[in-house]
Number of protein chains: 2
Amino acid sequence: MAAMWQCQEVTSASTAGAVRQGSLRELNLAVVLRRIAAADRPPSRAGIAADTGLTRATVSAVVDDLIAGRLVAEAEPEPRTGAGRPARGLVLASDGPAGLGLEVNVDYLAACVVDLTGTVRHHLVRRADLRPVSPADALARLAALAAEARAAAVRDGLTLAGAALAVPGLVGDGGLVRLAPNLGWRDVDVPALLAGHSLAEPVDGVPPLVVDNEANLAALGELYARPAGPRSFLHITGEIGIGAGIVLDGSLYRGARGWSGEIGHFPVQPQGRPCRCGGQGCLERYAGQEAILAAAGLPGAELPADTAATRLADLADAGDPATLAALADAGAALGVAVAGVVNLLDLDTVVLGGGYAPLAPWLRPPVVAEISRRVLTAAWAPVEVRPAVLGAQSAAVGGAGSVVRRIVDRPVGWLARSA
Amino acid sequence: MAAMWQCQEVTSASTAGAVRQGSLRELNLAVVLRRIAAADRPPSRAGIAADTGLTRATVSAVVDDLIAGRLVAEAEPEPRTGAGRPARGLVLASDGPAGLGLEVNVDYLAACVVDLTGTVRHHLVRRADLRPVSPADALARLAALAAEARAAAVRDGLTLAGAALAVPGLVGDGGLVRLAPNLGWRDVDVPALLAGHSLAEPVDGVPPLVVDNEANLAALGELYARPAGPRSFLHITGEIGIGAGIVLDGSLYRGARGWSGEIGHFPVQPQGRPCRCGGQGCLERYAGQEAILAAAGLPGAELPADTAATRLADLADAGDPATLAALADAGAALGVAVAGVVNLLDLDTVVLGGGYAPLAPWLRPPVVAEISRRVLTAAWAPVEVRPAVLGAQSAAVGGAGSVVRRIVDRPVGWLARSA
DNA sequence: CCATTTAATTCAACCGCTGAACAAATCGCG
DNA sequence: CGCGATTTGTTCAGCGGTTGAATTAAATGG
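(A) Here's a closer look at the protein's contact with DNA strand D. The immediate surroundings of DNA strand D are formed by 26 residues, with Arg20, Arg56, Ser60, Gly84 and Arg85 of chain A found nearest. For DNA strand D, the fraction of protein-proximal atoms (within 4 Å) that sit in sugar or phosphate groups is 65%. Contacts to DNA strand D include Arg25 of chain B, whose side-chain N or O atom sits 3.2 Å from a phosphate oxygen. Residue assignment for the surface near DNA strand D shows that the elements contributing at least two residues are helix H2 (45-52) and helix H3 (56-68) of chain A together with helix H1 (23-38) and helix H3 (56-68) of chain B. Grouping the amino acids of the surface near DNA strand D by side-chain chemistry returns eight nonpolar, 10 polar and eight charged.

Okay, structure coming up:
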């Protein structure tokens, strides 16, 4: 919430959860659509009715609305299953609304388009060192890339329903980037700088952009990418800083002010190396990219952030002893922090994302070791540690996914627009 | 969820959130009742209508149902405010349903009765060392105490709507206490042992008891005790072990399996003292009651758990240097852990409860110091650290509160029963 | 004492779910 | 090939519960 500026306006009946007459339909549209989205096989109207407890008549009426709004389509005849009139499978429309995901990072810009089904339809990446570039220029380049992506989406018959921008930093209310240390940004008012670009122009009164932290959106990407996956997990992105996205019960936990996930300053060695945060022995100083590179004896600091990880992976693959030792140490430090978090939150899954994804083969064993040492319940309830399925650049995909996900969760907003 | 056995049966319309015709009333009953509960002044029907967006007609109908069900009462004439017909204030009934909160701990049994308004109507405590007592005997004594409390409630015209039992340990599905180290309990099947006692007899088919972790219920007690307080906070109970209840967005976070809050093994000194959990340098070894007592030079281990805290407070009050040093060290260790949690979850409040409550004057400064050193966002968003308002034994009160809270959140369950 | 104001209730209208009946489409069995 | 069985999807009268306006209730102020 704190990380959003101008959320889709909250319309009727949302006042304090009161249920008015029309909310009935509003809620049931969401229930039915969610079920279609979550099913692994295209469900029938009758099946949805049986599962939800609604009447077949009601489900039919609701589905008619969803089809008219281009959110749902009927699948072609299903494989026969038995006697009786064959069911017509329902699937999410792949030519309806889509989400635009954007990312500004230290050494690349990215834009991607994800449709309702969660498929990545387009993915554009521009590599460039953005540290010397002013925020205004960086955002102008991003707007150009976004326009390109939007054109590609339109060619596919898709309608962009909104956009989400991932930045590697703390985001406050109103899309204000308070601090993005690795970009050198401080108090950058993204909406203001984008004013005038097509990105920022409301379509049908719906504000087009939300700004959020990169780690948060990457965690969401991971959540959407595995609909049958765990409902609660910790997603750690190891870049220059270390960020974590916390997904609890299937939704992102943002914290009291939207600044959750600061795991980089978890104390792994309270009397240890001083950290720029003022504390001592922070995780970042032991498992951050700079620390790993230094320990591996690489000149490091000059490398682009995302090539550093692959570089380390190559060296480790080749059996370089210094690199292997550096990764083992980093993994152990990471494991201490992860174990603390798992103890506290009772999570059953930890995802290594961002720069950690390619390094997972070497980081995972020490992390698992620390967990089994330190997590009380690990003995009778194992904790899974695995690399992110989306790998790096999952933040843009996650951002785009969060846009379409909002439509699935509250289809009335889209239906009112397109009616 | 994992910590509950036999939750109130989930009736109509709860299937996957589908909203059926009758759910409309069900939901609006909850909306109106919650608003009455949350208001700081008795609201009028018209005011509720304006706030929620419902019609005055609807609110009147809903309120009629709530009054008929003894959940709401009309307050006496309000102080005049202006022209027009005076409003009739609505308040939660103080003679309707009530919750029974129970607690088994190392050196006492407790039972308390809380009415809908959150007022503690009765509170019985029996001091006794329960470590040498078998679980069956302990629960039999508890059942006797509960019967006493129930009789007192009935004399007040209250109807007990359920009970919650707090135990200092891990609770699994079905009310099974997996492990309560300080009680010496392991795999104790509470419902089975209580079978036959009046506590376990369903009333009108509603199962009467839920079993939960002490730290969780204490955190809920804190939440209910301050309706206008923070929506997210960490509640730490320092007993022999150290437990934490995590309240996020106004509801308790239990974790993937119901075992969240294990902060006692947070690594404050990863290469430090070995801990019985197998790890090293766990918080418990530095800020646990035994550790503090040992550092203060007290024979300690023999003291009952809750007198140990007051004993330490007395010594600190008297200026005993060893005690003051011990508390400073414990506070620093606690601060390291708390800072890590606050960084991760972006909480704005930390509550020192249980045995830490009386020690707060001495623990708070070092905790605050570590937070301001280590929490990045502390500079522009302060973190409040304060003692629990309920002090010790808040678990029983919190448990009783959770019973009545369930009624406020879903009044239909109660109305169906009492109709 | 009456106009004004705000609170609460009453009541016909209406929205959207309900349940049953019906039509559609396929399989299985003679 | 035909007919019953079976399951899906639609139609429609019925109904619960909200809606909005009109009405009554109860106070203040000039």
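(B) Seen up close, the sheet that holds strand S4 (residues 108-115) of chain A. All names here are of chain A. With mixed pairing, five strands are arranged side by side in an open sheet as S5-S4-S3-S6-S10. Taken across any chain shown, the strands that pair with only one partner, and hence form the sheet edges, are strand S5 (120-127) and strand S10 (209-213). Ignoring strand direction, the axes of neighbouring strands in this sheet form an average angle of 15°. Strand contacts of helix H6 (residues 214-225): strand S3 (97-104), strand S6 (159-167) and S10, with the helix running at about 100° to S10, the strand carrying the most contacts.

(C) Geometry of the sheet that holds strand S15 (residues 384-387) of chain A. All names here are of chain A. If you trace the five strands from one edge of the open sheet to the other, you get S13-S12-S11-S14-S15, paired in mixed fashion. Two strands in the sheet have a free side with no partner beyond their single neighbour: strand S13 (251-253) and S15. For this sheet, the mean angle separating the axes of adjacent strands, direction not counted, is 25°. As defined by bridge partners, strand S11 (residues 233-238) adjoins strand S14 (residues 349-354) across five bridges and the pair is classed as parallel. Each residue of the ladder has a partner; that of Gly238, found in S14, is Gly354.

(D) Structural detail: the interface of chain A and chain B. With 60 residues of chain A in contact, the opposing surface of chain B contributes 60 residues. Roughly 5,400 Å² of surface becomes buried between chain A and chain B when both sides are summed, with 59% attributable to carbon and sulfur atoms. Interface area lost by chain A to chain B is led by Arg257, Leu344 and Asp346 of chain A, which between them contribute 13%. Our count for the contact surface shared by chain A and chain B stands at two salt bridges.

(E) Geometry of the pairing of strand S5 (residues 120-127) of chain B. All names here are of chain B. The pairing of strand S4 (residues 108-115) with S5 spans seven bridges and is antiparallel. Bridged to Ala111 within S5 is Leu124. Taking the residues that link successive antiparallel strands as the turn, the S4-S5 hairpin has four residues, and the phi of Gly118 there is positive, at about 95°.

(F) Region of interest: the relation of the copies chain A and chain B. Between chain A and chain B, which share one sequence, the superposing operator has a rotation angle of 179° and an axial displacement of 0.0 Å; the RMSD is 0.1 Å. What we have between these two chains is a two-fold relation. Using C-alpha coordinates, one finds that chain A approaches the rotation axis most closely at Gln269 of chain A, a distance of 3.1 Å. Mapped onto chain B, 100% of the interface residues of chain A again fall at the interface, so both copies present the same surface.

(G) Focus on the pattern of salt bridges. Within the structure shown, the criterion is met by 34 salt bridges over all chains. Notably, a salt bridge pairs Arg88 of chain B with Glu74 of chain B, separated by 2.6 Å at the nearest N-O pair. Placement of Arg88 of chain B in the loop between strand S1 (72-74) and strand S2 (90-92) and of Glu74 of chain B in strand S1 is noted, with a sequence separation of 14 residues between them. For Glu74 of chain B, a relative accessible area of 27% corresponds to the partly exposed category. Between Arg386 of chain B and Glu384 of chain B there is a salt bridge whose closest N-O contact spans 3.6 Å. Taking the relative accessible area as the measure of exposure, Arg386 of chain B reaches 11% and is therefore buried. Classification of Glu384 of chain B by relative accessible area gives partly exposed; the value is 39%. Beyond isolated ion pairs, a larger network of salt bridges with shared partners links Arg34, Arg405 and Asp409 of chain A.

(H) Structural view of the domain arrangement of chain A. Residue and element names in this part refer to chain A. Each assigned domain of chain A is listed here: domain 1 (20-92), domain 2 (97-218 + 395-418) and domain 3 (227-388). Inter-centroid distance (C-alpha atoms) of domain 2 to domain 3 is 26 Å. Every contact between the two is made by 14 residues of domain 2 and, on the other side, 16 residues of domain 3. Counting the surface lost from both domain 2 and domain 3, the interface buries some 1,300 Å², and carbon and sulfur atoms represent 45% of this. Where domain 2 touches domain 3, the interface holds one salt bridge. The salt bridge partner of Asp212 is Arg254, with a shortest N-O separation of 1.8 Å. Counting every contact that joins domain 2 to domain 3 gives two residue pairs in polar contact (both at pLDDT 80 or more). At the level of elements, strand S7 (170-171) and H6 are the ones that each hand at least two residues to the side of domain 2 that touches domain 3. Of the residues contributing to the side of domain 2 that touches domain 3, the split by class is six nonpolar, three polar and five charged.

(I) Region of the structure containing the side chain of His122 of chain A. Residues and elements named next belong to chain A. Following the sequence through the fold, His122 ends up in strand S5. Engagement of the side chain of His122 in a polar contact is seen with the backbone oxygen of Ala152, the distance being 3.5 Å. For His122, the residues in contact, after removing those within four places along its chain, are Ala111, Cys112, Val113, Ala152, Ala153 and Asp156.

(J) Structural view of the confidence of the model for chain A. Here chain A averages 88 in pLDDT, and 91% of its residues register 70 or above. Note that pLDDT drops below 50 for residues 1-14 of chain A; the model gives that stretch 37 contacts with residues more than four away or on any other chain.

(K) Layout of helix H6 (residues 214-225) of chain B. Residues and elements named next belong to chain B. Its 12 residues place the ends of H6 16 Å apart at the C-alpha level, agreeing with the 16 Å of an ideal helix rising 1.5 Å per residue. For H6, the tally of buried residues reaches 10 of 12 residues, placing the bulk of the element in the interior. Buried residues of H6: Glu214, Ala215, Asn216, Leu217, Ala218, Ala219, Leu220, Gly221, Glu222 and Leu223, and no others. Its side-chain oxygen placed 2.7 Å from the backbone nitrogen of Ala215, Asn213 serves as the N-cap of H6.

(L) The nonpolar core, seen in detail. One finds Ile263, Leu283 and Leu345 of chain A together with Ile263, Leu283 and Leu345 of chain B to be the most contacted residues of the largest nonpolar core, which totals 94 residues. Apart from the residues lying within four places of it in its own chain, the contact partners of Ile263 of chain B are Leu344 of chain A together with Leu234, Ile236, Ile242, Gly243, Ala244, Leu283 and Val341 of chain B.

About the cut-offs
- Numbering of residues starts from 1 in every chain and runs along the sequence as written.
- By the order in which they are written, chains take letters starting at A while ligands take numbers starting at 1.
- Reporting of local features is limited, given that this is a predicted model, to residues whose pLDDT is at least 70; pairs of side-chain atoms are given and counted only at 80 or more, and all residues count toward the totals for whole chains, interfaces and linings.
- Computation of side-chain values covers all heavy atoms of the structure but excludes hydrogens and water.
- Put simply, a residue is near a molecule or strand once any heavy atom of it comes within 4 Å of that molecule or strand.
- N or O atoms closer than or at 3.5 Å make up a polar contact, with two conditions inside protein: a donor-capable atom paired with an acceptor-capable one, and, for residues adjacent in sequence, both atoms drawn from side chains.
- Secondary structure elements are taken from DSSP: a helix is a run of H or I of four residues or more, a strand is a run of E of two residues or more, and numbering for both begins at the N terminus.
- Polarity classes work like this: nonpolar for Ala, Val, Leu, Ile, Met, Phe, Trp, Tyr, Cys and Pro, charged for Asp, Glu, Lys and Arg, and polar for all others, with Gly in that last group.
- Two strands pair under a simple rule: DSSP has to find at least two bridges between them.
- Interaxial angles span 0 to 180 degrees and are taken between N-to-C directions of axes, which are lines fitted to C-alpha atoms, for helices over the stretch in contact.
- Residues are treated as being in contact if the distance between any of their heavy atoms lies within 4.5 Å.
- Two parts placed together each lose some accessible area under a 1.4 Å probe, and the buried area is that loss summed for both.
- A carboxyl oxygen of Asp or Glu within 4 Å of a side-chain nitrogen of Lys or Arg is what we treat as a salt bridge.
- Copy-to-copy superposition: least squares on the C-alpha atoms, limited to residues that have pLDDT of at least 70 in both copies.
- Only protein chains enter the accessibility calculation, which uses a 1.4 Å probe; a residue whose area is less than 20% of its type maximum is buried, one above 50% is exposed, and one in between is partly exposed.
- Delimitation of the domains relies on an automatic or database domain assignment.
- A residue's pLDDT is simply how confident the predictor is in it, with values from 0 to 100.
- Between the first and last residue of a helix there are one fewer steps than residues, each counted as 1.5 Å, and that sum is the expected span.
- Only buried residues count toward a nonpolar core, which is a set of Ala, Val, Leu, Ile, Met, Phe, Trp, Tyr and Cys residues joined through side-chain atoms within 4.5 Å.

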